[in-house]
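# Fold and contact review
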Amino acid sequence: MPITYHEWGDPNVALRTAAALGSDEVQVWLARLPAAEAGMAGLTGLLGRDERERAERYRADEARQHFVFGRALLRLLLAACLNVEPAALEFAYQPHGKPILVFPHPEENPRFNLSHSGGLLAIALARGRDVGIDIESMGAEAPDWLPLAARVFSPRELGELTALPAPHLQRRAFFTGWTRKEAYLKATGEGLIDALEAIEVTLTPGQAPALLKLPASARPPREWSIRDIPMPPDFAGAVVYSSFITT
Ligand SMILES: CC(C)(COP(=O)(O)OP(=O)(O)OC[C@H]1O[C@@H](n2cnc3c(N)ncnc32)[C@H](O)[C@@H]1OP(=O)(O)O)[C@@H](O)C(=O)NCCC(=O)NCCS
């Protein structure tokens, strides 16, 4: 199945591309947050009332900007897919918080997921199949990864990571593994779970992305596809999509 990568530049080109989203395609969009507050002008007006209220509750400017920018671009892309006005879209939330569209014809419903980190936004779009996306900045604002590794990875993955000969390779492996696991968990909608080591992924830099092991209760790995996202140097990113069609 083709997966296509796009950068948000000229909005007209972006919206035409999103409108042409095929049933056998996954589109991945990357956009950089505007550097100045002025670049955000007009975006809040695209949001629903509950989203505007949520935006007001963010204390940190950066988190608020990430949220508003993400929801505004998401609405623009989905509205182009459905040929409706962005503000007319309505979202519902699955039990663990995954947003989905409320739409009278679920089988036509574009599926989506978004992720933001370090001033970048990523959105995945597909029709009728589950998608999950995760990007992480590995820059100065990134979490201190070493103490997290034992919580996130299985003994096998931890062994693979610590066997890498240089700190920068271990760091890259950590964020590669993290984003691959989280993209899968966002595709299923589970979000953060306790038993993260029940999921195993490849993480050695240069190794093809793969879901090696999933919890016994989950659909088997062959029913999912995983891809790395071409990212700027100090970022990692992955997208996961289902091969089964969901309604
Ligand atoms: C919400 C969560 C799914 C991801 O959070 P995150 O990595 O901090 O944030 P991201 O930017 O990648 O994703 C957030 C977006 O995912 C979507 N989302 C929220 N809950 C979701 C869920 N259960 N499943 C899929 N997508 C979800 C939302 O669109 C949200 O953004 P918005 O509220 O601005 O629209 C959650 O699992 C979490 O809090 N994770 C913490 C990170 C962690 O410890 N990960 C372990 C690594 S293996």
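Quick look at the structure, then. (Residues numbered from 1 in each chain as written. Predicted model: local features only at pLDDT ≥ 70, side-chain atom pairs only at ≥ 80, totals over all residues. Heavy atoms only, no water.)

### Considering the site of the ligand
For clarity, the cut-off: Residues are labelled near a given molecule or strand when at least one of their non-hydrogen atoms is within 4 Å of it. Polar contact is defined as a pair of N or O atoms within 3.5 Å, subject to the rule that within protein one atom must be able to donate a hydrogen and the other to accept it, and that residues adjacent in sequence are counted only when both atoms are side-chain atoms. All accessible-area figures derive from a Shrake-Rupley calculation using a 1.4 Å probe, and residue coverage is judged against the displayed protein chains alone. Secondary structure counts use DSSP, requiring at least four H or I residues in a row for a helix and at least two E residues in a row for a strand, with both numbered from the N terminus. Under the scheme applied here, ten amino acids are nonpolar (Ala, Val, Leu, Ile, Met, Phe, Trp, Tyr, Cys and Pro), four are charged (Asp, Glu, Lys and Arg), and all others, including Gly, are polar.
Residues in close proximity to the ligand total 23 residues, the closest being Arg 54, Arg 71, Ser 115, Glu 182 and Lys 186. Ser 115 places a side-chain nitrogen or oxygen 2.8 Å from an oxygen atom of the ligand. Separating an oxygen atom of the ligand from a backbone N or O atom of His 116 is a distance of 2.9 Å. Burial of the ligand by the protein chains amounts to 81% of its free accessible area of 900 Å². Only helix 3 (61-82), strand 5 (110-117), strand 7 (131-137), helix 4 (145-152) and helix 6 (167-188) provide two or more residues apiece to the shell around the ligand. Residues belonging to the shell around the ligand are distributed by class as follows: seven nonpolar, seven polar and nine charged.

### Examining the sheet that holds strand 1 (residues 3-7)
For clarity, the cut-off: In short, DSSP must find at least two bridges between two strands for them to pair. Helix axes are fitted to C-alpha atoms over the stretch in contact, other axes to C-alpha atoms as well, and angles between N-to-C directions run from 0 to 180 degrees. Contact criterion: two residues are considered in contact whenever any of their non-hydrogen atoms come within 4.5 Å of each other.
The strand order across the open sheet formed by four strands is 1-2-6-5, and the pairing between neighbours is mixed. On the outer flanks of this sheet lie strand 1 and strand 5, each paired with one strand and no other. The mean angle between the axes of side-by-side strands here comes to 15°, regardless of whether they run parallel or antiparallel. Where strand 5 lies against strand 6 (residues 120-127), eight bridges are found, and the strand directions are antiparallel. Bridge pairing in strand 6 links Leu 114 to Ile 123. Sitting on the sheet, helix 1 (residues 11-19) touches strand 1, strand 2 (26-32) and strand 6, and the angle it makes with strand 2 is about 160°.

### With respect to the packing of helix 4 against helix 6
This is how it is decided: Under this scheme an angle from 65 to 115 degrees is roughly perpendicular, one under 35 degrees roughly parallel, and one over 145 degrees roughly antiparallel; angles in between are oblique. Each crossing gets its handedness from the near helix: less than a right angle anticlockwise from the far helix is left-handed, clockwise is right-handed.
The N-to-C vectors of helix 4 and helix 6 enclose an angle of 45°; their axes lie 11 Å apart at closest approach. Between helix 4 and helix 6, the crossing angle belongs to the class labelled oblique. Seen along the crossing, helix 4 lies across helix 6 with a hand that is left-handed. Residues Trp 145, Leu 148, Ala 149 and Val 152 of helix 4 form the contact with helix 6, whose own contacting residues are Pro 167, Gln 170, Arg 171, Phe 174, Phe 175, Trp 178 and Lys 181. Across the contact of helix 4 with helix 6, the residue classes break down as eight nonpolar, one polar and two charged.

Coordinates in, geometry out; function isn't part of it.
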